[in-house]
Amino acid sequence: MAKGGGGMLLPVSAEAGKGNGGGGGGGGAGDDAALFKGSAMTRRGAVAALSYMACSVLLVMFNKAALSSYNFPCANVITLLQMVCSTALLYVLRRLKIISFINSEPSVPSGALFFVPFRILLRTTPLSLAYLLYMLASMESVRGVNVPMYTTLRRTTVVFTMIMEYFLAKQKHTPPIIGSVALIVFGAFVAGARDLSFDARGYAIVFVANITTAVYLATINRIGKSSGLNSFGLMWCNGLVCGPSVLFLTYIQGDLKRTVEFPYLYSPGFQVVLLFSCMLAFLLNYTIFWNTILNSALTQSMCGNLKDFFTVGIGWVLFGGLPFDLLNVIGQGLGFLGSGLYAYCKIKGK
């Protein structure tokens, strides 16, 4: 597979042939070196993981502000705006030749449809459909559950991810990894055992989001690495396939009309929230591809657990919604302990 990058100004995660963050291949030796001696994670992989966690925390906060603080009724419209902004930005960057969509720029016909050969666009369609389900379910799941419980329930994604990795890629994990995941799930159930703001519909949507997330990450690991596209190329194909579908969905549901009639539509505060939501969605999608391709789908899920420490704290302060309960605190602690155990095993290569 191509070494990628070349003279481009932005990292594009072209090292598809590295597997789960392994060494070898192109790029700078310093970037691709192991994080520590004997580590299973490279320095570039660590940067990708940290970048994802930062973007994810901020995006949850801005989405929660739009849907809960401003009571914006149309989550799908936010998803549509994020896709449009992401696709438009990718188009401009590609036109200016700041980025590329294909590893090492093989002989792509000058008249290739939308910068990408049509056969590759078709090949990535399953990934795009998985992305569409992931985006719609994740956006709606933020609305009905308070931020601390949202992050707690989302930790169970790792179980679904392990199952999908096994069935799609036949990937198996060591006992320490399985033990850390079990600890996370146990902590999630302990934390939610006495949630006084329990909402069955909200909980159900979060679990649907967990399943779609697992399918999406496993599909990235399976299709993304073999498509010949880098992270920007995968994002571009997602936008081309999913954008029209979301537009049609918002139209038939009447979301566009409700958006025009929304009382805070022209409020500077609401517009700033939407702007940052769109910007962070672009960065988050990029770092998801970057992290999953350089590391693994399970590592991506575990990074989602590690960043929850900050999401829970900030969300509790800004949005509240979860009264103090010792059992909940214990469950949160078990979840973070499991995430830390996984990170230790991954870094040490166990």
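Conventions and cut-offs
Residues numbered from 1 in each chain as written. Predicted model: local features only at pLDDT ≥ 70, side-chain atom pairs only at ≥ 80, totals over all residues. Heavy atoms only, no water. Helix = DSSP H or I, 4+ residues; strand = E, 2+ residues; numbered from the N terminus. Buried < 20%, exposed > 50% of the residue type's maximum accessible area, 1.4 Å probe, protein only. Contact = heavy atoms within 4.5 Å. Areas by Shrake-Rupley, 256 points an atom, 1.4 Å probe, with all protein chains shown as cover. Salt bridge = Lys/Arg side-chain N within 4 Å of Asp/Glu carboxyl O.

Right, let's talk about the overall build of the protein chain for a bit. Of the regular secondary structure elements, the protein chain holds 15 helices and 0 strands. The buried share of the protein chain, taken over its 350 residues, is 54%. Taking as baseline every contact in the protein chain between residues at least 6 positions apart, the subset at least 24 positions apart corresponds to 82%. Here the protein chain displays about 15200 Å² of accessible surface, and carbon together with sulfur accounts for 70% of that area.

Looking at the secondary structure, you find valine 142 in the loop between α5 (125-141) and α6 (147-154). Judged by its relative accessible area of 5%, valine 142 is buried. For the pair valine 142 and methionine 61, spaced 81 residues apart in the sequence, the C-alpha separation amounts to 9.6 Å. Residues contacting valine 142, with those up to four places away along its chain left out, are Lys64, Leu67 and Tyr150.

Attention shifts here to the pattern of salt bridges. Summed over the entire model, instances satisfying the criterion amount to 1 salt bridge. In this structure, aspartate 255 engages arginine 258 in a salt bridge whose closest nitrogen and oxygen atoms are separated by 2.2 Å. Of this pair, aspartate 255 and arginine 258 are both found in helix α11 (residues 255-260), 3 residues apart, which corresponds to roughly one turn of the helix. For aspartate 255, a relative accessible area of 3% translates into the label buried.

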